[in-house]
Amino acid sequence: MVVAMPRKNPAELLPSATPVRFVAEDASAVDEHDGYAEPPGDRLRKAYRLMVIGRRFDTQATALTKQGRLAVYPSSSGQEACQIGCAMALGPADWLFPTYRDSVALVARGVAAPEVLTLLRGDAHCGYDPAAVRVAPQCTPLATQTLHATGLAYALRRRGEDAVVMALAGDGATSEGDFHEALNFAAVCDAPVVFFVQNNGYAISVPLEKQTAAPALAYKGIGYGVRSEQVDGNDAVAVLSVLDAAVAYARAGHGPVLVEAHTYRIDAHTNADDASRYRDPAEVQRWRAADPVRRLEKHLLERELLSAEEVERFRADAEQYAADVRAALNTEPSLDPLSLFDNVYARPTRLLTAQRAQVAAELKEES
Amino acid sequence: MTQLSMAQALNAALRDAVKDDDRVVILGEDVGALGGVFRITDGIAADFGDDRCFDTPLAESGIVGFAVGMAMGGFRPVVELQFDAFAYPAFEQITSHVAKMRNRTRGAVALPMVIRIPYAGGIGGVEHHCDSSEAFYTHTPGLRVVTPGSAQDAYDLLRDAIDSADPVVFMEPKNRYWTKESVSFSRDSAPMDQAVVRRPGRDVTLIAYGPMVATALETAEAATAEGWDVEVVDLRSLSPFDDVTVSASVRRTGRAVVVHEAAGFGGYGAEIVARVTEQCFHYLHAPVLRVTGLDIPYPPPKLERHQLPHVDRILDTIARLQWQDQPVVASA
Ligand SMILES: Cc1ncc(C[n+]2csc(CCOP(=O)(O)OP(=O)(O)O)c2C)c(N)n1
C-alpha cells in the first residue's frame, strides 16, 4: 500500500464550524463560504437546468409507482442540489457509487432514465453497464459500497490514473461499520475518494439525534485522518463549490475527503412508507421553504445569470424528459426467464444447465 | 380465538412477553415510532415506553453485539433485523458470539435472546430483500432456529423463543405476514422444537417449513386429483430438527419430498434428506427428493415466480417418486 501522507495538525482536518453557504434561504447572497470559490455562472445555470429536470424525473417516477409501473421508488425530492452537485463534480473518467436514493444523480450523470429505473421496476438488478458509464450498481445494503469505492479509488491510483471516486451515503449509513472501515482504509492508503453524506434528517423513521451524538456527521472524518467539510445541502452553489474543491483535493493526491450536506427528504422514505408516523408536517413545511430548486432559480434570476425565458425553456425540457420517461416505461419489456441462468458464473455449471432445461420445459408447457 | 394476520400475531406475542416479563426489551431499526417496516412492533413503544422498545443506530453488528451485552446484564433482548440480507453485517456477532457464549464460558454465561429476521421472497421485493438465509444459521451449533408457517404458530413460537434459555434465530416468512387466521393465546401448542403433522396422508410426506407450509398444503389438496394422499409435516424448528416426528411420518408413507425456497445446493434440505435416509432407509420406496429454489442469486421481482417452488413443481416431483433408476447426473 501507498504510505499515507502524515496529517499532523488535526485542525486541518476539521470542517468549518457551520455549513458552508453562498445563498441564504431567501436567495440572497451570504458570505459563509470560508474561502471556497464561487462556481462560474454558466456552471450554475447548467446545475439549475439539471435540477429542474431532476425534480421532474423524481415526480414522474413517484407517479409511476402509483400506476404500478414501478415496484418502489425512493424519492430524493428536496435533495436536488446534492444529487446534481455530485454528478457535476465528477469528470467522465471518475466513478460514482450511488445508493437506491440517488436515481436523480444517475440521471444527471447521463445514465438513460429507463436504465436507471430498471432496478426499481423489477426487471433486473442493474439496468446499465457500470463500467461504460462509470457508475456502480445502485447499492441497497447500507454503506457496503463505500468500501468498494475506496478499493477502486486505490486501484485506479495504483494504475497511474488520476480518477476520483465519489461514494454516496445517507446519514443512517454512517452508523454502519463498513462506513467507518472505508474511512479508515481510504485514509491509510491515501485513496482519492470523496465520501459524500446526504444528511436528510432521517434513516427511514429514525431521526439524526438517535443516529449520532456527534456535533455533525462531518466530524466523523477527523478520527480517521480524513479531511472533512460540511455544507448547506439545499444551496446548490455551496454544494458545487465544496464538491469541486473536494474532488480537486483528492485528484491532487492529498487523500480522501468527507463532505456532509445538511438537507432534507421532503417525501416519505419510499412510496411504501408512512412518514406521518414519525415526523411533524410542520417540519416538512419549514423545509419546503428551503427548497433548493427555487432558491437557486431566484438567486440566479436576481443576479441576471438566468433569464425568465431560460426558466421556461428548462421547464419545457423537463416536461419533454418526463414524457419520454413515461413513454419508455409504459411499454412492458419482454423478459426472458432463461436469462436467470446467465451470469451466475463465467461459464454455466452443469447444475444450472439442468435447472435451465427444467424451467425451459415449464415455459413450453405454459405456452 | 381472534382473527389475526401473522404480523398481528407476532405483535401480540411481543406485547404479551413485554407485559409478562420486565426483562424483555425490543430493539432494532425503526421498531419505535414506526413500529418496524412490517409493523410487527406497532404501538409497543407508545404503550410500554421507549426503554422497552427502542430504535437503535443503524448498525446490525452493533444491534446484535449490544444485545449480547444486554443479555449478559440480565435482560432478554428481542432484536429485529430488518430484512434477511441486512442481517449479514451481524453475522460475525451471531455466529462467533451469540451462538458460542454458553460454550465459551463453560456454561457460566447464557444468552437468552431472540433475533427476528423477516426472510424469503414472494413479495416483489428488490435485491437483497428476499434471501432465504436459514442454512447459515442452522449450520451454526449453539443457535436455535425456528420459523412459523401460520399466524397461530407465529404467536406460540415467538412466546417460546423469548422464554428460551438459548438464543433463537426467529425467521419470519414475509409472504405470510398478511394472511389472517384465527389465533388463540392459550399457548397449548406443541413445544418449540417439535414438528407437527399439518395434514395426515398415506402415500407421501411433504416436509416443509415457513413460507412453504402453505404451498405444501395447497399441493396436498391438488394431489387428491391425481389420487395421491399427501401428508404435510411443518417442521417449525429447523434446529434442533425433530427426527422423531419426521421419521415416523416417512416410515408410514415410505416416500418423502422436502420443499424449501432457498437454493438447493448445500441447502438445509440436504440435511433433512440425509437424516431421513439414515433413519428410514428400509422403509423407503424411493429416494427422498427435494424441491427448492433455483441455484441462482434471488431474481428481480418480475421473474421471481420462476425461482419459487410452486404446486406444479412439487406435483411433478411427487410423480417422480414412482422411482426408476436414472443415469447419474453430475452437478456443479
Ligand atoms: C445493512 C442494511 N440495513 C438495513 C437496511 C434497510 N434500510 C433501507 S434504507 C434504510 C435507512 C437508510 O437511511 P439513510 O442512510 O439515512 O439514507 P436515506 O434513505 O435517508 O437516504 C434502512 C434501515 C439496509 N438497506 N441495509
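Calculation rules
- Residues numbered from 1 in each chain as written.
- Chains lettered and ligands numbered in written order.
- Predicted model: local features only at pLDDT ≥ 70, side-chain atom pairs only at ≥ 80, totals over all residues.
- Heavy atoms only, no water.
- Near = heavy atom within 4 Å.
- Polar contact = N/O pair within 3.5 Å; in protein donor to acceptor, adjacent residues only side chain to side chain.
- Contact = heavy atoms within 4.5 Å.
- Buried area = accessible area lost by both parts, 1.4 Å probe.
- Salt bridge = Lys/Arg side-chain N within 4 Å of Asp/Glu carboxyl O.
- Helix = DSSP H or I, 4+ residues; strand = E, 2+ residues; numbered from the N terminus.
- Nonpolar A, V, L, I, M, F, W, Y, C, P; charged D, E, K, R; others polar.
- Axes fitted to C-alpha atoms, helices over the stretch in contact; angles between N-to-C directions.
- Parallel < 35°, antiparallel > 145°, perpendicular 65-115°, else oblique.
- Left-handed = near helix turned anticlockwise from the far one by under 90°.
- Buried < 20%, exposed > 50% of the residue type's maximum accessible area, 1.4 Å probe, protein only.
- Pairing = 2+ DSSP bridges.
- Right-handed = clockwise from strand over helix to strand, strands pointing away.
- Core = buried A, V, L, I, M, F, W, Y, C linked by side-chain atoms within 4.5 Å.
- Phe/Tyr/Trp six-rings, centres within 6.5 Å; stacked < 30°, edge-to-face > 60°.

Time to look at the site of the ligand. Taken together, 20 residues surround the ligand, and among them Y100, R101, G172 and A173 of chain A together with E60 of chain B come closest. Nearby residues around the ligand are contributed by chains A and B. In this structure, an oxygen atom belonging to the ligand sits 2.9 Å away from a main-chain N or O atom of Y202 of chain A. Take E60 of chain B: an N or O atom from its side chain is 2.5 Å from a nitrogen atom of the ligand.

Facing 43 residues of chain A, the contacting portion of chain B comprises 38 residues. Taken over both partners, the interface formed by chain A and chain B buries close to 3500 Å², and the fraction arising from carbon and sulfur atoms is 60%. If you sort the residues of chain A by the area they bury against chain B, H125, R277 and L340 of chain A come out on top, with a joint share of 20%. Where chain A touches chain B, the interface holds six salt bridges. A salt bridge links D123 of chain A to K302 of chain B; the shortest N-O distance between them is 2.5 Å. Where chain A touches chain B, the interface holds 12 residue pairs in polar contact (both at pLDDT 80 or more). Broken down by secondary-structure element, the contributors of at least two residues to the side of chain A that touches chain B are α4 (113-121), α8 (208-211) and α13 (350-366) of chain A. If you tally residues by element for the side of chain A that touches chain B, the top one is α13 of chain A, at nine residues. Of the residues in the side of chain A that touches chain B, the class split is 20 nonpolar, 11 polar and 12 charged.

Attention now goes to the packing of α4 of chain A against helix α12 (residues 308-330) of chain A. Residue and element names in this part refer to chain A. One can describe the packing of α4 onto α12 by two numbers: an axis separation of 10 Å at closest approach and a directional angle of 50°. Considered as vectors, α4 and α12 are oriented oblique to each other. Both α4 and α12 take part in a crossing whose hand is right-handed. Contact residues: A113, P114, L117 and R121 in α4; Y321, V325, A328 and L329 in α12. Here the contact of α4 with α12 is composed, by residue class, of seven nonpolar, no polar and one charged.

Attention now moves to the pattern of salt bridges. Scanning the model with the defined rule gives 47 salt bridges over all chains in all. Between E362 of chain A and R313 of chain B there is a salt bridge, with its nearest N and O atoms 2.6 Å apart. Of the two residues, E362 of chain A is situated in helix α13 and R313 of chain B in helix α11 (residues 311-319); the pairing between them involves two chains. Taking relative accessible area as the criterion, E362 of chain A reaches 16% and is therefore assigned buried.

Turning our eyes to something else, we now look at the pairing of strand β5 (residues 114-119) of chain B. Working note: regular strand, side chains alternate between the two faces of the sheet. Residues and elements named next belong to chain B. In terms of residue burial, β5 counts as a mostly covered element, since six of its six residues are buried. Alternating positions in β5 separate into two faces, V114, R116 and P118 on one and I115, I117 and Y119 on the other, with burial throughout. Bridging between strand β4 (residues 76-80) and β5 involves three bridges; their strand directions are parallel. Note that in β5 the partner of V79 across the bridge is I115. One ladder, built from six bridges, connects β5 with strand β7 (residues 168-173); its direction is parallel.

Further remarks concern helix α2 (residues 80-89) of chain A. Structural remark: α-helix, 3.6 residues per turn; residues separated by three or four positions point the same way. Of all the 10 residues making up α2 of chain A, 10 are buried; the element is thus mostly covered by neighbouring parts of the structure. Within α2 of chain A, the full set of buried residues consists of E80, A81, C82, Q83, I84, G85, C86, A87, M88 and A89 of chain A.

Residues and elements named next belong to chain B. Burial analysis of strand β11 (residues 230-234) places five of its five residues in the buried class, the great majority of the element. Going residue by residue along β11, you find V230, V232 and D234 tucked away on one face and E231 and V233 tucked away on the opposite face as well. With helix α8 (residues 212-223) bridging strand β10 (residues 204-208) and the parallel β11, this β-α-β connection has right-handed handedness.

Our focus in this paragraph is the sheet that holds strand β14 (residues 289-293) of chain B. All names here are of chain B. Read across the open sheet, the five strands follow the order β9-β11-β10-β13-β14; overall the sheet is mixed. Of all strands in the sheet, those with a lone pairing partner are β9 (196-199) and β14, marking the two edges. The average angle at which neighbouring strand axes cross in this sheet is 25°, direction not considered. Examined bridge by bridge, β10 and strand β13 (residues 256-263) share three bridges and lie parallel to one another. The partner of T205 across the bridge, within β13, is A256.

Residue and element names in this part refer to chain A. With respect to the element layout, R294 can be found in helix α11 (residues 292-302). Residue R294 is classed as exposed on the basis of its relative accessible area of 51%. Along the primary structure R294 and F179 are separated by 115 residues, whereas in three dimensions their C-alpha atoms are 33 Å apart.

All right, on to the environment of V197 of chain A then. Residues and elements named next belong to chain A. Relative to the helices and strands, V197 is located in strand β5 (residues 193-199). Taking the relative accessible area as the measure of exposure, V197 reaches 1% and is therefore buried. Setting aside its immediate chain neighbours within four residues, V197 contacts A169, G170, D171, T174, F179, L217, L258, V259, E260 and A261.

Next up on the list: the environment of A223 of chain B. Residues and elements named next belong to chain B. With respect to the secondary-structure elements, A223 resides in helix α8. Of the residues examined, A223 reaches a relative accessible area of 0% and is grouped as buried. Considering only alpha carbons, one finds A223 and V250, 27 residues apart in sequence, at a separation of 17 Å. Apart from the residues within four sequence positions on either side, A223 is in contact with W228, V230 and L315.

This paragraph deals with the nonpolar core. M166 and F196 of chain A are the most contacted members of the largest nonpolar core, which totals 68 residues. Setting aside its immediate chain neighbours within four residues, M166 of chain A contacts C86, A89, L90, W95, L96, F97, V194, F196, L243 and V247 of chain A. With 46 residues, the next largest nonpolar core counts V25, I207, V276 and V288 of chain B among its residues.

Under the criterion given, the structure shown has 18 aromatic pairs over all chains. With a centroid separation of 6.4 Å and 80° between ring planes, the pair formed by Y202 of chain A and Y264 of chain A is classed as edge-to-face. Highlighted residues: Y202 of chain A in strand β6 (residues 202-203) and Y264 of chain A in the loop between β9 (257-262) and α10 (281-288), separated in sequence by 62 residues. Considered together, Y202 of chain A and Y264 of chain A belong to a single accessibility category, that of buried residues. Geometrically, the ring pair formed by Y209 of chain B and Y268 of chain B is edge-to-face, given 5.6 Å between the ring centres and 85° between the ring planes. Separated by 59 residues along the polypeptide, Y209 of chain B in the loop between β10 and α8 and Y268 of chain B in helix α10 (residues 268-280) bring together distant segments of the chain. The pair formed by Y209 of chain B and Y268 of chain B is uniform in burial state, with each residue classed as buried.

Bringing the sheet that holds β5 of chain A into the picture now. Residue and element names in this part refer to chain A. Read from one edge to the other, the open sheet built from five strands follows the order β3-β4-β5-β9-β8, with strand pairing classed as parallel. With one partner strand each, in any of the chains shown, β3 (95-97) and β8 (227-232) form the two edges of the open sheet. The sheet shows a mean angle of 20° between the axes of neighbouring strands, taken without regard to direction. Bridging between β3 and strand β4 (residues 165-170) involves three bridges; their strand directions are parallel. What sits directly across from W95, in β4, is V165. Sitting on the sheet, α2 touches β3, β4, β5 and β9, and the angle it makes with β5 is about 170°. Across the face of the sheet, helix α7 (residues 177-188) comes into contact with β5 and β9 while running at roughly 150° to β5.

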